[in-house]
Amino acid sequence: MSTTETTASGVGPVEGAPVYTVDNPAPLIEAPRKRTKKSPKSTRGNFELAAWLFMRLSGIVLVILVIGHLLIQLVLDGGVSKIGFAFVAGRWASPWWQVWDLLMLWLAMLHGANGLRTVINDYAERASSRMWLKALLYTATVWTILLGTLVIFTFDPNIR
Amino acid sequence: MATPVLDKEEAAGKPEPGFADSPYITVTFRVRRFNPEVSAEATWEDFQLELDPKERVLDGLHKIKWDLDGSLTFRRSCAHGICGSDAMRINGKNRLACKTLIKDINPEKPITVEPIKGLTVLKDLVVDMEPFFQAYRDVMPFLITKDTNEPTRERLQSAEDRERFDDTTKCILCAACTSSCPVFWNDGQYFGPAAIVNAHRFIFDSRDEAGEQRLEILNDRDGVWRCRTTFNCTDACPRGIEVTKAIQEVKRALITRRY
Ligand code: HEM
Ligand code: SF4
Ligand code: FES
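Note that the coordinates shown come from a computational prediction; the quantities given were computed from them, not determined experimentally.

## Observations concerning the overall build of chain B
Item 1. Helix and strand counts for chain B stand at nine helices and seven strands.
Item 2. Taking all 259 residues of chain B together, the buried fraction comes to 49%.
Item 3. In chain B, the share of contacts with a sequence separation of at least 24, taken over all contacts with a separation of at least 6, comes to 63%.
Item 4. Per element, the accessible surface of chain B, about 12900 Å² overall, is 50% carbon and sulfur.

## A short note on the site of ligand 2
Item 1. Taken together, 13 residues surround ligand 2, and among them Cys171, Ile172, Cys174, Cys177 and Cys237 of chain B come closest.
Item 2. Here the residues of the shell around ligand 2 are counted per class, giving 12 nonpolar, no polar and one charged.

## Some details on the nonpolar core
Item 1. Membership of the largest hydrophobic core comes to 69 residues, with the highest contact counts inside it found for Phe29, Val57, Leu61 and Leu218 of chain B.
Item 2. At six residues, the largest contribution of residues to this core is made by helix H6 (residues 193–203) of chain B.
Item 3. In this view, Leu218 of chain B contacts Val139, Phe191, Ile196, Ala199, Ile203, Gly223, Val224, Trp225, Val250 and Leu254 of chain B; residues no more than four positions away in its chain are not counted.
Item 4. Residues Leu62, Leu65, Met104 and Leu107 of chain A belong to the second largest nonpolar core, which totals five residues.

## Digging into the site of ligand 1
Item 1. Contacts to ligand 1 come from Met55, Arg56, Gly59, Leu62, Val63, Ala108, His111, Gly112, Gly115 and Leu116 of chain A together with Arg228 of chain B.
Item 2. Mapping the residues adjacent to ligand 1 onto the chains of the assembly identifies chains A and B.
Item 3. Between Arg56 of chain A and ligand 1, the recorded distance is 3.2 Å, taken from a side-chain N or O atom to an oxygen atom.
Item 4. Note that an oxygen atom of ligand 1 is positioned 2.4 Å from one of the side-chain N or O atoms of Arg228 of chain B.
Item 5. At the level of elements, helix H1 (47–75) and helix H3 (95–123) of chain A are the ones that each hand at least two residues to the shell around ligand 1.
Item 6. Taken together, the residues that form the shell around ligand 1 break down as five nonpolar, four polar and two charged.

## Overview of the interface of chain B and chain A
Item 1. Taken together, the contact between chain B and chain A spans 36 residues of the former and 36 residues of the latter.
Item 2. Summed over both partners, the interface of chain B with chain A buries about 3300 Å², with 51% contributed by carbon and sulfur atoms.
Item 3. Seen at the junction of chain B and chain A, the total is three salt bridges.
Item 4. Of the charged contacts in the structure, one is a salt bridge between Asp187 of chain B and Arg130 of chain A, with a shortest N-O distance of 3.6 Å.

## Re the sheet that holds strand E4 (residues 93–96) of chain B
All names here are of chain B.
Item 1. Ordered by their spatial adjacency, five strands build an open sheet running E2-E1-E5-E3-E4, and the pairing between neighbours is mixed. Edge strands, defined here as strands with exactly one partner in the open sheet, are strand E2 (43–51) and E4. Across the sheet, the mean angle from the axis of one strand to that of its neighbour is 35°, orientation sign disregarded.
Item 2. Note: strand E1 (residues 25–33) against E2, nine bridges, orientation antiparallel. Residue pairing in the sheet places Thr26 in a bridge with Glu50 of E2.
Item 3. Against the sheet, helix H2 (residues 57–68) touches E1, E2, strand E3 (87–90) and strand E5 (111–114), its axis set at about 100° to E2.

## Some words on H3 of chain A
Item 1. Taking 1.5 Å as the rise per residue, H3 of chain A with 29 residues should run 42 Å; its terminal C-alpha atoms sit 41 Å apart, in good agreement.
Item 2. Measuring from the side-chain oxygen of the N-cap residue of H3 of chain A to the backbone nitrogen of Trp96 of chain A gives 3.1 Å; that N-cap residue is Ser94 of chain A.

## A look at the pairing of E4 of chain B
Residues and elements named next belong to chain B.
Item 1. Burial along E4 is one-sided: Asn94 and Leu96 are buried, while Lys93 and Arg95, pointing the other way, are not.
Item 2. Pairing of E3 with E4, which is carried by four bridges, proceeds in the antiparallel orientation. The partner of Ala87 across the bridge, within E4, is Leu96.
Item 3. Hairpin connection, E3 to E4: the antiparallel pair is bridged by two residues, and Asn91 has positive phi, about 50°.

## Examining the pattern of salt bridges
Between side chains of opposite charge, a pair can form when the charged atoms approach closely.
Item 1. Throughout the structure, instances matching the rule amount to 25 salt bridges over all chains.
Item 2. For the salt bridge of Arg56 of chain B with Asp59 of chain B, the shortest nitrogen-to-oxygen distance reads 3.0 Å.
Item 3. On the basis of relative accessibility, which here comes to 17%, the residue Arg56 of chain B falls in the buried class.
Item 4. Taking the relative accessible area as the measure of exposure, Asp59 of chain B reaches 17% and is therefore buried.
Item 5. Residues Arg201 of chain B and Asp205 of chain B are paired through a salt bridge, measuring 3.1 Å at the closest nitrogen-oxygen approach.
Item 6. When salt bridges that share partners are traced, they join Asp122 and Arg130 of chain A together with Asp187, Asp222, Arg226 and Arg228 of chain B into one network.

## Here's the deal with the coordination of the iron atom of ligand 1
Item 1. Exactly one donor from the protein chain reaches the iron atom of ligand 1: His111 of chain A (NE2), at 1.9 Å.
Item 2. With respect to the element layout, His111 of chain A can be found in helix H3.

## Comments concerning the packing of H1 of chain A against H3 of chain A
Residue and element names in this part refer to chain A.
Item 1. Interaxial distance between H1 and H3 falls to 8 Å at its minimum, and their mutual angle equals 135°. In this view, H1 runs oblique relative to H3, as classed from their interaxial angle. Regarding H1 and H3, the two cross each other, and that crossing is left-handed.
Item 2. Taken together, the residues that form the contact of H1 with H3 break down as 17 nonpolar, seven polar and three charged.

## Things to note about the packing of H6 of chain B against helix H9 (residues 243–256) of chain B
Residue and element names in this part refer to chain B.
Item 1. Interaxial distance between H6 and H9 falls to 9 Å at its minimum, and their mutual angle equals 60°. In terms of orientation, H6 and H9 fall into the oblique class. In this structure, the crossing between H6 and H9 has a hand that is left-handed. Facing H6, whose interface residues are Pro193, Ile196, Val197, His200 and Ile203, H9 presents Val243, Ala246, Ile247, Glu249 and Val250.
Item 2. Among the residues forming the contact of H6 with H9, the class breakdown is eight nonpolar, one polar and one charged.

Here is what the cut-offs are and how they apply
Residues numbered from 1 in each chain as written. Chains lettered and ligands numbered in written order. Predicted model: local features only at pLDDT ≥ 70, side-chain atom pairs only at ≥ 80, totals over all residues. Heavy atoms only, no water. Helix = DSSP H or I, 4+ residues; strand = E, 2+ residues; numbered from the N terminus. Buried < 20%, exposed > 50% of the residue type's maximum accessible area, 1.4 Å probe, protein only. Contact = heavy atoms within 4.5 Å. Areas by Shrake-Rupley, 256 points an atom, 1.4 Å probe, with all protein chains shown as cover. Near = heavy atom within 4 Å. Nonpolar A, V, L, I, M, F, W, Y, C, P; charged D, E, K, R; others polar. Core = buried A, V, L, I, M, F, W, Y, C linked by side-chain atoms within 4.5 Å. Polar contact = N/O pair within 3.5 Å; in protein donor to acceptor, adjacent residues only side chain to side chain. Buried area = accessible area lost by both parts, 1.4 Å probe. Salt bridge = Lys/Arg side-chain N within 4 Å of Asp/Glu carboxyl O. Pairing = 2+ DSSP bridges. Axes fitted to C-alpha atoms, helices over the stretch in contact; angles between N-to-C directions. Expected span 1.5 Å × (residues − 1). Donors = N, O, S within 2.8 Å, 3.2 Å for Na, K, Ca; no water. Parallel < 35°, antiparallel > 145°, perpendicular 65-115°, else oblique. Left-handed = near helix turned anticlockwise from the far one by under 90°.

Below is the structure:
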């Protein structure tokens, strides 16, 4: 059959030869990351369970830590205007506030990083983009936690 | 001769009080069309239909297929909300076409009808359900007992024990829930609500003895922990199953290992 004739696809000679026909169909509209027979890759262990619980538990602790932090830093006793080198140095002289800030740093970073891990898992389609985004996330997280911890413990009030 | 039959026919011809002479209104159906044998693009196509608002979206689709365009392709079998074959996205929400009345979805505006999301579109409103059923098979949706012998008597169960999983027995595997889940849209590796609902049906069945195994399967990276409690599934379920609650109960059982 000549390609200029009207075919079963209904595309007439005016439009030229039909690109897609019964024998040459267009690609289907595929869903990203389809499930197949091989899909359950049997990921043993309770990591996802632990991560899920951690988000809830760290969230509860963060409510107290963050609200306390915001009150002290931004609301009580003159608000932001009081914050300066002396104010920070004064607070970190006490182990109580050191531990408070350390806990807040670690929990917020791990909580935020795990939350972003979820977001990447939910949105990134290609295996390579998933890998790179997570590599970037984990690097930034480890770096920030280490730097922050270092500063809290090695802070020198006589630096000036 | 005035027979009772004639009287009846006469009465049937009269409009009911409170209704205009004809109940029919003009409705626009805006249908998502895709035919890989013609084009790689999916497009919207409008159809004008005369419908009684008390008819269903499925009746509208039938009118299109039978009277206007026989090439329109969709699945339906029972037409009465039992077989689960005609889940589709109607006005942006997953519903069964056979259970959705025209009057309930604002016929003033065009009614959009699309295939359910997250599954490969084969033609028009027909999607490839295989990944959906693969996830269903993966949770082993059948009774498993440790006793390999043929049972010699009925497996008895108290009314309370039966009540425990009553809600999840109602599933008709229409995929409205799974294909309404934003996690599933992007990542079909997730088991999806329907598979978890059907695992729940056996995990909480006192006669079944493979609950532990099914929990372990759903403890997978793509198992229940991917649920983000969006509640789209509960809203979508045409059987009124509390889908998100069932998923939450499986999560709790995994944490406490009590079921
Ligand atoms: C103040 C108290 C907080 C509570 C109670 C809380 C609670 C939660 C919970 C329960 C989730 C899991 C949601 C889900 O699984 O769908 C979550 C997710 C998340 N959290 Fe927090 N969180 C808090 C603070 C923070 C902080 C300080 C950060 C940033 C460092 C953060 C960043 C995130 C991110 C990025 C996600 C993932 C986003 C998402 O799941 O949509 N959260 N949070
Ligand atoms: S749980 Fe409801 S929406 Fe999901 S497949 Fe079963 S019947 Fe359909
Ligand atoms: S056609 Fe069977 S559920 Fe709608």
